[in-house]
Amino acid sequence: MPTVFPAGVSRLQRRVGYYVLLISALILTYSVVYHYGMHVFEGRSNTYLQSLQFTVETFTATGYGSQAGWSSPQMNLLVIVMDLTGVGVFFLALPVLLFPLFEEALSTSPPDALEEPLEDHVLVCSYTARAETLISELESNDVDYVLVEADREQATELYEGGYSVVHADPESVGGLDRAGIGDARALVADVSDRVDASIVLAAREAAEDVRIVSVVEEPDRTPYHRLAGADTVVSPRQLLGRSLAGKVTTAVTTDLGDAVEIGEDFDLAELPVHHGSELAGRTLADSGIRERFGVNVVGAWFRGEFESPPSPDRTLESGTVLLVTGDESQLERCKELTVGDLRRFRTGETVVVGYGEVGRTVAARLDRAGLSYTVLDRREKDGVDVVGEATDPDVLAEAGVEDAESVILALPDDTQTEFATLVVRDLTDDAEIIARAEEVGAVRKTYRAGADYVLSLATVSGRMVASEVLQDEAIVSMDTHVEVVRTAAPGLVGETLAGARVRERTGCTVVAVERDGEVLSELSPEFRVRESDELVVAGTDEGTNRFLELLG
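Reading the values: rules and limits
- Residues numbered from 1 in each chain as written.
- Predicted model: local features only at pLDDT ≥ 70, side-chain atom pairs only at ≥ 80, totals over all residues.
- Heavy atoms only, no water.
- Buried < 20%, exposed > 50% of the residue type's maximum accessible area, 1.4 Å probe, protein only.
- Helix = DSSP H or I, 4+ residues; strand = E, 2+ residues; numbered from the N terminus.
- Pairing = 2+ DSSP bridges.
- Axes fitted to C-alpha atoms, helices over the stretch in contact; angles between N-to-C directions.
- Contact = heavy atoms within 4.5 Å.
- Arc of directions from axis to C-beta.
- Phe/Tyr/Trp six-rings, centres within 6.5 Å; stacked < 30°, edge-to-face > 60°.
- Salt bridge = Lys/Arg side-chain N within 4 Å of Asp/Glu carboxyl O.
- Core = buried A, V, L, I, M, F, W, Y, C linked by side-chain atoms within 4.5 Å.

A.B. asks: Quick one: what's the story with the pairing of strand S8 (residues 266-272), residue by residue and with numbers?
C.D. replies: Burial analysis of S8 places seven of its seven residues in the buried class, the great majority of the element. Relative to strand S13 (residues 321-326), S8 is paired through six bridges, and the arrangement is antiparallel. Counted as the bridge partner of Leu-271 is Leu-322 from S13.

A.B. asks: Could you give an account of the sheet that holds strand S5 (residues 211-215), naming the residues involved and the relevant values?
C.D. replies: On the basis of which strands lie adjacent, the open sheet formed by six strands has the order S3-S2-S1-S4-S5-S6 and parallel pairing. On the outer flanks of this sheet lie strand S3 (165-167) and strand S6 (232-234), each paired with one strand and no other. Taking each pair of neighbouring strands and ignoring which way they run, the sheet shows an average axis angle of 20°. Pairing of strand S2 (residues 145-149) with S3 involves three bridges; the strand directions are parallel. Looking at S3, one finds that Glu-149 is bridged to His-167. Taken strand by strand, helix H5 (residues 129-140) contacts strand S1 (122-125), S2, strand S4 (186-189) and S5, and its axis lies near 155° from that of S2. The strands that helix H8 (residues 193-206) touches are S1, S4 and S5; relative to S5, the one it contacts most, it runs at about 175°.

A.B. asks: Which residues make up the environment of Ser-192, and what are the values?
C.D. replies: Relative to the elements of secondary structure, Ser-192 occurs in the loop between S4 and H8. Residue classification places Ser-192 among the partly exposed positions, given a relative accessible area of 30%. C-alpha of Ser-192 to C-alpha of Val-216: the two residues are 24 residues apart in sequence and 7.1 Å apart in space.

A.B. asks: Which residues make up the side chain of Ser-287, and what values do they have?
C.D. replies: Structurally, Ser-287 is set in helix H11 (residues 284-287). Look at Ser-287 and you get buried, because its relative accessible area is 1%. When neighbours within four sequence positions are excluded, Ser-287 is seen to be in contact with Leu-279, Arg-282, Arg-292 and Leu-316.

A.B. asks: Report on the pairing of strand S24 (residues 534-539), specifying residues and quantitative values.
C.D. replies: Across the six residues that make up S24, a large majority, five, are buried. Across five bridges, strand S21 (residues 483-487) lies against S24 in antiparallel orientation. Paired with Thr-487 across the strands is Leu-535, a residue of S24. Taken together, the five bridges between strand S22 (residues 509-515) and S24 define a ladder with antiparallel strand orientation. Across the sheet, the residue bridging to Ala-512 is Val-536, located in S24.

A.B. asks: Which residues make up helix H6 (residues 152-160), and what are the values?
C.D. replies: Residues Ala-155, Thr-156 and Leu-158 constitute the buried set of H6. Buried residues of H6, viewed axially, fall in a sector of 165°; they line one side. Exposed residues on H6 whose side chains face more than 90 degrees from its buried face are Glu-153, Glu-157 and Glu-160. Just downstream of H6, Gly-162 is the residue with a positive phi angle, here 95°.

A.B. asks: So what's going on with the packing of aromatic side chains? Which residues, and what values?
C.D. replies: Going through the model one piece at a time under the given rule, you end up with three aromatic pairs. An angle of 20° between the planes, with centres 4.3 Å apart, marks the rings of Tyr-34 and Phe-54 as stacked. Here Tyr-34, found in helix H1 (residues 11-42), pairs with Phe-54, found in helix H2 (residues 48-60); they are 20 residues apart in sequence, far enough to count as distant. Note on Phe-54: relative accessible area 9%, which makes it buried. Connected via pairs of aromatic rings, a cluster forms that spans Tyr-34, Phe-54 and Trp-70.

A.B. asks: Run through the pattern of salt bridges, naming residues and quoting values.
C.D. replies: Applying the stated criterion to the full structure yields 19 salt bridges. Arg-130 serves as the salt-bridge partner of Glu-217, at 2.6 Å between the closest nitrogen and oxygen. One end of the pair, Glu-217, is in the loop between S5 and helix H9 (222-228); the other, Arg-130, is in helix H5, and 87 residues separate them in sequence. For Arg-130, a relative accessible area of 12% gives the class buried. We note a salt bridge from Glu-357 to Arg-360, for which the minimum N-O separation is 3.0 Å. Placement of both Glu-357 and Arg-360 in helix H14 (residues 357-368) is noted, with a separation of three residues, approximately one turn of the helix. Members of the salt-bridge network, linked through shared partners, are Arg-130, Asp-190, Glu-217, Arg-237, Arg-436 and Glu-438.

A.B. asks: Tell me about the nonpolar core, and name the residues and values.
C.D. replies: Leu-240, Leu-244, Leu-268, Val-362 and Val-511 are the most contacted members of the largest nonpolar core, which has 33 residues in total. Among the elements that take part in this core, helix H10 (residues 236-249) stands out by supplying five residues, more than any other. Listed in part, the 25 residues of the second largest apolar core include Val-351, Val-401, Val-424 and Val-454.

Below you can see the structure in the form of structure tokens.
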């Protein structure tokens, strides 16, 4: 009758169990045979316990020769066989079975259920690059999260890395129950389009009232996720495409694009310095932006590095992004200066490289803006004007890159984007390169390669999901470089902005304060924060998160 092991015992543990049974049976059998042989062939009477001791000593190579010296060939042959058997089943099995068992016993195992009850938390299924941005936002807002990860190795790695994780199948009702979905505020499904739909179905069965946000790669699958029960369906690549195109379309108008309204007659906007702008090549002090337009420059991006406040001696180059505050008319006049000649665009001056979901979204936005463009892709398909590799100088030249005002790199591979950026920059010093990056870590490398503006899919989509999950939190996320947080700051009450060293400690800028229904935008270093004040803070993701952790 086969041995039955309890449920939950791993395959390695089962193998070890069978091994122990085998070696025990061999030891007992050899003990009986040895006991019999000593009596029949050697004429020596051993107790069975002595025969068992000799067998164990032989198998473990710890014998002291107390019974050595056999006269019969039968006993000498038996001892040789026992020696070989002991070496085979004991020493050779150690690295295969016992060592891995010890390693498994000493390793950290992720929990398969919540280690302690949670309420109002967010279930994230499962870990991706954009989940990292989402988790950062949740942590900065003191919202608990649980990663639900089906892969044990991945769950173990995340658990050892300090993440809150439950090793469970997010497609199963039981797995979600063990992660506490009944008390959760929201669930985010972000594995793949088909798996996400299954997760949504399981989540809706497990908890009717939980808010479900599902991420889709293919927008045409959105209706199916809604039918499954998702409250919100997010399409990151479409959002990224709109954002990339916006850097071109807003350059030919005075529209402020993604300006954030802080209060009545007070906005915050990002203004990229374009090629041909009279600001390019001048220092911030020489630009006279404050004197000419009345706006305040509270921060600036220089090749992917955010500086707040920017030094007056910093040179503004093409691709520098200014973070400015002011009323709408002031910002519109300032934008005209950052853009330069609004009528420089002519046929074929925008080249779109890559015609996947992001590239198609870019092209659609350019169509709506009435701008002509050329599309380059490695495959021949409707809408593609030039077919070839994005890193081939001849192909890029055929697409008109050398005479282009803007080149939008909408490629799905970061390494290819970085190399294509190098090739484009080698072909032209004048074209404005707007690039997509998949991972956050590729942003700086793409800037270094020569891009003027880089947007990370992971960051943009992570923020987008966070804004859907944190609906009742005072956060405004721009889908570009800067995040704006509207929050009370108990850690600043009674302090002046200079005394609290907000910029030095967090890298953020307090751009306005709402006090008694009035928005105050002229903030001196001696401005003192009151208990009822609500602060508007701008900075990088990392900076705003640090502000909320230290002072929020």
